[in-house]
Amino acid sequence: MTLLKNTQTILLAFVIVAMILPFAMTDVAEAKNEKDKKKNDKEKVKKEKKTKKEKKTKEQKIKEKHDKGLKLYPGVGWVDTEKDKQKPIWKDHPNKKDKKIMDLDEMLKQRIADGKFKELDGNYPTIFGNTGGWNIAAAKLQSKTMTEMTAEWTVPAKPLNKAGTIYYFDAFQPVRGAIFQPVLQYGFSDVCDAGDNWVTYPMIYVWGTVMTGDCIPVNVGNLLHRSIMKEGKKLWTISMENVDTKTKDSVVVRYKGNSPQAFVALETYDLPLWDCKGLAGDVEFKNISIEGDNTNWKEVSNAPQWCGMDLVILDDGKTVQINNDN
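Here, residues in each chain are numbered from 1, in the same order as that chain's written sequence. Whole-chain, interface and lining totals are the exception, using all residues; otherwise, since this is a predicted model, local features are given only for residues with pLDDT of at least 70 and side-chain atom pairs are given and counted only at 80 or more. The side-chain numbers reported here are obtained from all heavy atoms of the structure, hydrogens and water having been left aside.

Novice: Before we go on, may I ask you to explain the overall build of the chain in this structure?
Specialist: Along its length, the chain carries three helices and 19 strands. A total of 326 residues make up the chain; the buried ones form 42% of that total. Contacts are residue-level and defined by heavy atoms, with any inter-residue pair within 4.5 Å sufficient. Considering only residue pairs separated by 6 or more positions, the chain has 67% of its internal contacts joining residues 24 or more positions apart. Only the protein chains shown count as cover for residues, and all accessible areas are computed by the Shrake-Rupley method using a 1.4 Å probe. Carbon and sulfur atoms make up 53% of the accessible area of the chain, which totals about 18,000 Å². Secondary structure follows DSSP: runs of H or I at least 4 residues long count as helices, runs of E at least 2 residues long count as strands, and numbering of each begins at the N terminus. Under the scheme applied here, a residue whose accessible area is under 20% of the maximum for its type counts as buried, over 50% as exposed, and between as partly exposed, the area being computed with a 1.4 Å probe on protein chains only.

Novice: I would appreciate a short explanation of the packing of aromatic side chains in the present structure.
Specialist: Geometrically, a pair of aromatic rings is defined through the distance of the ring centres and the angle of the planes. We call Phe, Tyr and Trp rings a pair once their centres come within 6.5 Å, taking the six-membered ring for Trp, and we label the pair stacked below 30 degrees between planes, edge-to-face above 60, and tilted otherwise. By the definition in use, this model includes ten aromatic pairs. Consider the rings of tyrosine 73 and tyrosine 205, whose centres lie 6.1 Å apart with planes at 50°: the pair is tilted. Placement of the pair is tyrosine 73 in strand E1 (residues 71-73) and tyrosine 205 in strand E9 (residues 193-206), with a sequence separation of 132 residues. Taking the relative accessible area as the measure of exposure, tyrosine 205 reaches 8% and is therefore buried. Where tryptophan 134 meets phenylalanine 169, the ring centres are 5.2 Å apart and the plane angle is 75°; that geometry is what we call edge-to-face. On the criterion of sequence distance, the pair formed by tryptophan 134 in strand E5 (residues 132-140) and phenylalanine 169 in strand E7 (residues 165-173) is long-range, its members being 35 residues apart.

Novice: Can you help me understand the pattern of salt bridges in this one?
Specialist: Any carboxyl oxygen of Asp or Glu that lies within 4 Å of a side-chain nitrogen of Lys or Arg is treated as forming a salt bridge with it. Scanning the entire structure with this criterion turns up nine salt bridges. A salt bridge links lysine 85 to glutamate 82; the nearest nitrogen and oxygen atoms lie 3.8 Å apart. With a closest N to O distance of 2.5 Å, aspartate 92 and lysine 100 form a salt bridge. Beyond isolated ion pairs, a larger network of salt bridges with shared partners links Lys91, Asp103 and Arg254.

Novice: Explain the confidence of the model for the chain here, please?
Specialist: Fine structural detail should not be taken from predicted coordinates in areas where pLDDT scores are low. Within a predicted model, pLDDT stands for the predictor's per-residue confidence, ranging from 0 to 100. Overall, the prediction assigns the chain a mean pLDDT of 84, with 80% of residues at 70 or greater. Put simply, helix H1 (residues 2-54) is where the chain has its lowest mean pLDDT, 62, and strand E6 (residues 148-154) is where it has its highest, 97.

Novice: Please explain the side chain of threonine 165 as it appears in this structure.
Specialist: Its location among the elements puts threonine 165 in strand E7. Within the local environment of threonine 165, its side chain forms a polar contact with the backbone oxygen of phenylalanine 188, the two atoms lying 2.7 Å apart. Residue contacts for threonine 165: discarding those within four places in its chain leaves Leu72, Tyr186, Gly187, Phe188, Glu267, Thr268, Tyr269 and Leu271. Counting of polar contacts relies on pairs of N or O atoms within 3.5 Å, with two restrictions inside protein: one atom must be capable of donating a hydrogen and the other of accepting it, and residues adjacent in sequence are counted only when both atoms are side-chain atoms.

Novice: Just to check I follow, could you spell out helix H3 (residues 104-113) for this structure?
Specialist: Residues lying three or four places apart along an α-helix face the same way, a consequence of the helix completing one turn every 3.6 residues. Buried residues of H3: Leu104, Asp105, Met107, Leu108 and Arg111, and no others. Looking straight down H3, one finds that the buried residues subtend no more than 160° of arc, so they occupy a single side. In H3, the exposed positions angled more than 90 degrees off the buried face are occupied by Lys109 and Ala113. The residue sitting at the N-terminus of H3 and contributing the capping side-chain oxygen is aspartate 103; that oxygen lies 3.2 Å from the backbone nitrogen of aspartate 105. Here, the arc refers to the directions that run from the helix axis to the C-beta atoms.

Novice: Which parts of the structure should I look at to understand the environment of tryptophan 78?
Specialist: Relative to the assigned elements, tryptophan 78 resides in strand E2 (residues 77-79). By relative accessible area, tryptophan 78 is classed as buried at 18%. Sequence separation between tryptophan 78 and aspartate 190 is 112 residues; the distance between their C-alpha atoms is 9.5 Å. Not counting chain neighbours up to four residues away, the residues in contact with tryptophan 78 comprise Ile62, Lys65, His66, Leu70, Lys71, Leu72, Phe188, Asp190, Tyr269 and Asp270.

Here it is, written out as C-alpha cells:
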C-alpha cells in the first residue's frame, strides 16, 4: 500500500513537472530572445552610426572643417588662417595700377617686430602622412641663392575614386610661413572647387593671406609650363601656362630676398586610406631649371608610401617622377 502511494506521488510529480516545464522553458527562451534582441538592436544602432559616419558626404566634412575656422590651401593644408595671421601689406602693382600686390618685405619686418618670425631649419614644417599632407616630395633645402625655377609636366589621368583633393606643384619657400607655387589641383580647395576635374593656377601664400590667379580648367594630357621668377631686385612672378591652349596667368609679390628652399610635390587630403583608386596617374616633372643652385634634388618624403607611391630622381638633375602604382 505504501509502495503504491509512493509510486502515485512520483507519477504526480512527473505530471506536474511535465506541465510546468514547457512554461518554464518558454520563459527562459523568451528571456534569452529578449536579451539577444537587445544585443542585436544595440549592434544594429552601432553599425548604423558607423555606416552613417562612413557615408558622411564630402560637403559635410568640408563644412565641419570650415566651422572650426579651417581652410584648405595647397602647400599648407587645412590651416587656421587667423591663428597665425600677419596683417597683409599691399602696394601698387608695378604694371597694373588698378591692382595691388603683397609686400612680403614689409610684412617680414612687421613679423620680426611682433616676435613671431621663425627661421627655416632645413626641414619643411608641413607633416608628411597617409591621412593628409605631402605624400611625395623632392627638395633642395640648403641653397640661399635660388632666383628662378621653371618646369614642365603633363596633366595626369584623373582618379577613379572622386572622394578627395589632390595637388601637384613645384614651389619656392622664401621664408617660413610663405610659399610661391604654380598649382595643379583636382577636387576641392578654398581657392576653388574643381569637382571631378583638373584646374591650374599660380598662388602665393604668406602667413594666412592668399593671392591666386584664376582657376583655369585643363584636360588630361595637356602640357603645362610653370615658372617662379625673381625679376629685378624686388619682384617675384609666379606663372603658369597651358602650352596646348596658350592660356596663361600669373601673380606678383614684392620680396627682395632669394629662396633657400625648392620643392616638387604630391599633396593629398581626405582620400580613403589604402584606396588606390583615389590617386591620380603618374606625373613627370621635366626640364626643371633652377637659377642660383647646382645641388642635387633629395627625396624628403616618408617611405614606404601607401598604394606604391614612389619618387624617382633621374641622374640628369632635371627630371623628378612621382609614380602611383594604381
